[in-house]
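# Tertiary structure, described
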Amino acid sequence: MSDTLNTTDLTNEQLVEAYRRMLLIRRVEENAGRAYQMQKFSGFCHLYIGQEAVAVATSTAMRDDDYMMTAYREHGQAMSRGVSADSVMAELLGRKTGSTGGRGGSMHIFDKERNFLGGWGIVGGQIPLATGVAWAIKYREEPKVIVVFFGEGSLHQGVFHESLNLASLWDLPIVYLCENNKYAMGTEMSRISAVSDLRKKAVSYDMEAAQIDGQDFFAAYNGIKEAIDRARNESRPTFLDVRTYRFRGHSMSDPATYRTKDELTEEQERDPLGFLYNALVELGAATEEELEGYDKECKKEAKAALKKAEDAPFPDDDSVLDYIYVNP
Ligand SMILES: Cc1ncc(C[n+]2csc(CCOP(=O)(O)OP(=O)(O)O)c2C)c(N)n1
């Protein structure tokens, strides 16, 4: 047992809960990938496999009434906020029981009750929207924050820079969380950014910035929590460069030929699930038998979610204009 391993303020129970949530995300996404290959659904599908610690560390550091907004690789982030496996899987399959009534699909999961504000398909498009939410939080004088996720491929969109400038100028309670998984589709970061230390991008906006290891749950939680606390307590924005890695292709149609097998193997050795598994055992927070038991439960839950989605109805034909016009 190691007393120094857990550098966070989280209890063993909270760490086990975080691990279970990461595991459920992984198993649901593996099932989603298989279901896609079996043509049980179509359209875009971007898996989060390999990045789970980032979303779960963030949600663990957030309060329930805080807001989260993100891009299209969002199944894991939605589930980290408590959106159920059933709701996500039904949405992927376009069923009435999905989180968005089957109208959004993989890229547009949304859950108002959990302040999960999507699921957006335009690269970087969610960054100014989230900045607007941060402004509204401040205007209403609410003790809340918003965390907005985006990939490093968004960093050279104009709206990223416009948003950071205004957030700093107006002291907004927002965390700009860049999930830097090294590739924007097949383009490596070094080919598109003049600087490799992304913290420099926040300098001209006089904004705090940090680089965080997103595969180490403890480091991820501590770094993200510090930014969330700054937003809540000082109403100041932060830019985070969270280093992570996706183990699958960009989307289901990407064979990922732009990276070597050795690189993938090396990254898989830093699997965030493996990291937390080993830490929990070393901390004495759970036994290997217990952790294997959780895995069986998660596999069962993921399988059942797919079955329920397949059995659920599609939206009714006569509801096609719902939510489009105010008075159809
Ligand atoms: C404005 C815009 N340009 C291009 C695309 C096509 N596109 C979809 S995902 C993507 C790559 C984005 O990579 P990154 O931001 O690093 O996120 P990741 O997919 O790695 O999570 C591109 C170019 C888009 N959806 N929107």
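Residues numbered from 1 in each chain as written. Predicted model: local features only at pLDDT ≥ 70, side-chain atom pairs only at ≥ 80, totals over all residues.

Their axes nearest at 10 Å, the elements helix H1 (residues 12–37) and helix H10 (residues 272–283) cross at an angle of 150 degrees. Here H10 runs roughly antiparallel to H1, going by the angle between their axes. At the point where H1 passes H10, the crossing takes the left-handed sense. For the pair formed by H1 and H10, the contact residues are Asn 12, Leu 15, Val 16, Tyr 19, Met 22, Leu 23 and Arg 26 on the first element and Pro 272, Leu 273, Leu 276, Tyr 277, Leu 280 and Leu 283 on the second. (Axes fitted to C-alpha atoms, helices over the stretch in contact; angles between N-to-C directions. Helix = DSSP H or I, 4+ residues; strand = E, 2+ residues; numbered from the N terminus. Parallel < 35°, antiparallel > 145°, perpendicular 65-115°, else oblique. Left-handed = near helix turned anticlockwise from the far one by under 90°. Contact = placed C-beta atoms within 7 Å.)

With an omega of 25 degrees, the peptide bond running from Gly 118 to Gly 119 counts as cis. Of note, Gln 39 is a non-glycine position whose phi angle comes to about 60 degrees, a positive value. Note that Gln 39 resides in the loop between H1 and helix H2 (52–61). Judged by C-beta crowding, with 7 C-beta atoms within 10 Å, Gln 39 ranks as exposed. Of note in the backbone geometry, Tyr 323 takes a positive phi value of approximately 70 degrees without being a glycine. Within the secondary structure layout, Tyr 323 lies in the segment after helix H11 (288–311). (Buried ≥ 20, exposed ≤ 12 C-beta atoms within 10 Å, placed from the backbone.)

Now for the site of the ligand. Surrounding the ligand, one finds Arg 73, Gly 121, Ile 122, Val 123, Gly 151, Glu 152, Gly 153, Ser 154, Asn 181, Ala 184, Met 185 and His 250. Here the residues of the shell around the ligand sort into 4 nonpolar, 6 polar and 2 charged. (Near = placed C-beta within 6 Å. Nonpolar A, V, L, I, M, F, W, Y, C, P; charged D, E, K, R; others polar.)

Moving on, we get to the packing of helix H4 (residues 85–92) against H11. One can describe the packing of H4 onto H11 by two numbers: an axis separation of 8 Å at closest approach and a directional angle of 45 degrees. Between H4 and H11, the angle is such that the two are oblique. The handedness of the crossing between H4 and H11 is right-handed. Along its contact with H4, which presents Ala 85, Asp 86, Met 89 and Ala 90, the element H11 presents Glu 301, Ala 302, Ala 305, Leu 306, Lys 308 and Ala 309.

Looking now at the nonpolar core. Membership of the largest hydrophobic core comes to 88 residues, with the highest contact counts inside it found for Met 89, Ile 146, Val 148 and Ile 174. The element best represented in this core is H1, accounting for 10 residues. If near-sequence neighbours (up to four positions away) are discounted, Ile 146 is found in contact with Asp 66, Tyr 67, Met 69, Ala 130, Val 133, Ala 134, Ile 137 and Ile 174. (Core = buried A, V, L, I, M, F, W, Y, C linked by C-beta atoms within 7 Å.)

Okay, H2 next. Counting buried positions along H2 gives 10 out of 10 residues, so the element sits mostly inside the fold. Residues of H2 that are buried include every one of Glu 52, Ala 53, Val 54, Ala 55, Val 56, Ala 57, Thr 58, Ser 59, Thr 60 and Ala 61, and no others.

At 3.6 residues per turn, the α-helix brings residues three or four places apart onto the same side. Its 24 residues place the ends of H11 35 Å apart at the C-alpha level, agreeing with the 34 Å of an ideal helix rising 1.5 Å per residue. Within H11, the full set of buried residues consists of Leu 291, Cys 298, Ala 302, Ala 305, Leu 306 and Ala 309. (Expected span 1.5 Å × (residues − 1).)

Okay, the environment of Arg 259 next. Following the sequence through the fold, Arg 259 ends up in the loop between strand S8 (238–243) and helix H9 (261–268). Judged by local crowding, Arg 259 falls into the partly exposed class, with 15 C-beta atoms found within 10 Å. When the C-alpha positions of Arg 259 and Tyr 183 are compared, they lie 9.4 Å apart, and in sequence the two are 76 residues distant.

Here we take up the environment of His 161. With respect to the helices and strands, the residue His 161 is situated in helix H6 (residues 158–169). A tally of 15 C-beta atoms within 10 Å means that His 161 is categorised as partly exposed. Placed 41 residues apart in sequence, His 161 and Ala 202 show a C-alpha to C-alpha distance of 8.7 Å.

What follows is about the pairing of strand S3 (residues 146–151). Along S3, 6 of the 6 residues are buried, which leaves the element largely enclosed by surrounding structure. Residues Ile 146, Val 148 and Phe 150 line one face of S3 and the alternating positions Val 147, Phe 149 and Gly 151 line the opposite face, and both faces are buried. Where strand S1 (residues 67–70) lies against S3, 3 bridges are found, and the strand directions are parallel. Directly across from Met 69, in S3, lies its bridge partner Val 148. Here S3 pairs with strand S4 (residues 174–180) via 6 bridges, running parallel. What sits directly across from Gly 151, in S4, is Glu 179. (Pairing = 2+ DSSP bridges.)

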